[in-house]
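Coordinate analysis (summary)
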Amino acid sequence: MSLLKNTHRFYGSSSSAVTAQSWIYAKVFKGEPTQQNFRLEREDLPALADGDFLARADYISVDPYMRPYMMAYPEGTPMIGGQVATVLDSKNAGFPVGSAIFGQFGWRTHTVCNPAKLKTDRPYVLPDFGSLPTSLGLGVLGMPGNTAYFGLSELCAPKEGETVVVSGAAGAVGSHVGQIGKIKGCRVVGIAGSDAKCAWLKELGFDEVINYKTANVYGELKKAAPKGIDCYFDNVGGPISEAVIKQMNVYGRIAVCGTISNYNTAIEKVTDPLRQMVFKQLRMEGFLVWRWNNRWMEGIEANLRWIRDGKLQWQETVTEGFEQVPQAFMDMLKGGNTGKAVVKV
């Protein structure tokens, strides 16, 4: 039984009687995170005031962006991140007891929140997923799904018959991007880090896949994308992106979602891409998915329709237990997940 369930059973649902547990950023990251970077703390929660609700975490997300983002925070800061939670008690009509919600509450078991006091990152009640698990609110029907949906559609705008290349293709975002590319009638090439991951991508409908750990990416891309590359969805940066950009077609579009290749290590030297940018007249744009906050439900609803129509598949790597959140995070950064990495609290 998880720590959260023990806490909840002992204290009940009144916020004045709940002790929350949270993971703290205890030591600045240097290289790959270790257990010494995290500390578990307990916190007695206040009674609810008007406008507040009490939420219990059901699933906690671990994502690559947390590694560079936390570098901007001082030691002793609670770890950031999203979670799917259940409302246990409420003095807010918009968040009734029993509702499943998404909130940027971080790595913690219980949270008291008043959305009106938040300028950004306001929680929301999840749409009806039907028989689908609520954990998808952290993945294909949440931030990663919207990252894929808006990043590819708005920045790359792939056209039928074009070639789309996706790096980090077996992750929560990359696997989704590739499937959207196929929905839009494109040839899709994925780059991932194991034969098992590449086999899964083929099952999803990717036309070609490349295991960057065992293959020459530049040479394999020549064969996988014989007509060149029109759209590149970049999750990794570094030498892989160098190999892709060199094979972009004129007027190619690049959406830069992440640079996970250098989150834990020093940045590798690569050829300056500006020559390619100029002579091929490429468009390259980095983005954070929050720019589409005003269209958030549009992305979730589109992805939900595709799932129900059988056009979009998903996979999760689920770790059990709140005490395992740091380990799940470290495993994810090393490529230990296929699809979305979540922790079931």
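Structure shown above.
Residues numbered from 1 in each chain as written. Predicted model: local features only at pLDDT ≥ 70, side-chain atom pairs only at ≥ 80, totals over all residues. Heavy atoms only, no water.

Points about the packing of helix H3 (residues 143-156) against helix H9 (residues 296-308)
Remark: H3 packs on H9, axes separated minimally by 9 Å, with the N-to-C direction vectors making an angle of 90 degrees. Taken together, the axes of H3 and H9 are roughly perpendicular relative to one another. For the pair H3 and H9, contact is made by Met143, Gly145, Asn146, Tyr149 and Phe150 and by Trp296, Glu298, Gly299, Ile300, Ala302, Asn303 and Trp306, respectively. (Axes fitted to C-alpha atoms, helices over the stretch in contact; angles between N-to-C directions. Helix = DSSP H or I, 4+ residues; strand = E, 2+ residues; numbered from the N terminus. Parallel < 35°, antiparallel > 145°, perpendicular 65-115°, else oblique. Contact = heavy atoms within 4.5 Å.)

Re the sheet that holds strand S10 (residues 187-192)
Read from one edge of the open sheet, six strands run S11-S10-S9-S12-S13-S14, paired in parallel fashion. The strands lining the two open edges of the sheet, one partner per strand, are strand S11 (208-211) and strand S14 (283-286). Each strand of the sheet is rotated relative to its neighbour by a mean of 15 degrees, with strand direction disregarded. Where strand S9 (residues 163-167) lies against strand S12 (residues 229-234), three bridges are found, and the strand directions are parallel. Each bridged residue has a counterpart across the sheet, and for Val165 the counterpart in S12 is Tyr232. Against the sheet, H3 touches S9, S12, strand S13 (248-256) and S14, its axis set at about 150 degrees to S13. Packing against the sheet, helix H6 (residues 217-224) makes contact with S9, S10, S11 and S12, and its axis sits at approximately 170 degrees to S11. (Pairing = 2+ DSSP bridges.)

Describing the sheet that holds strand S4 (residues 77-78)
In space, the three strands of this open sheet follow the order S2-S1-S4, with antiparallel pairing throughout. Where the open sheet ends on each side, the last strands, each with one partner, are strand S2 (38-44) and S4. Looking at chain direction, strand S1 (residues 19-25) and S2 are connected through seven bridges and run antiparallel. When the bridges of S2 are listed, Ala20 appears paired with Glu43.

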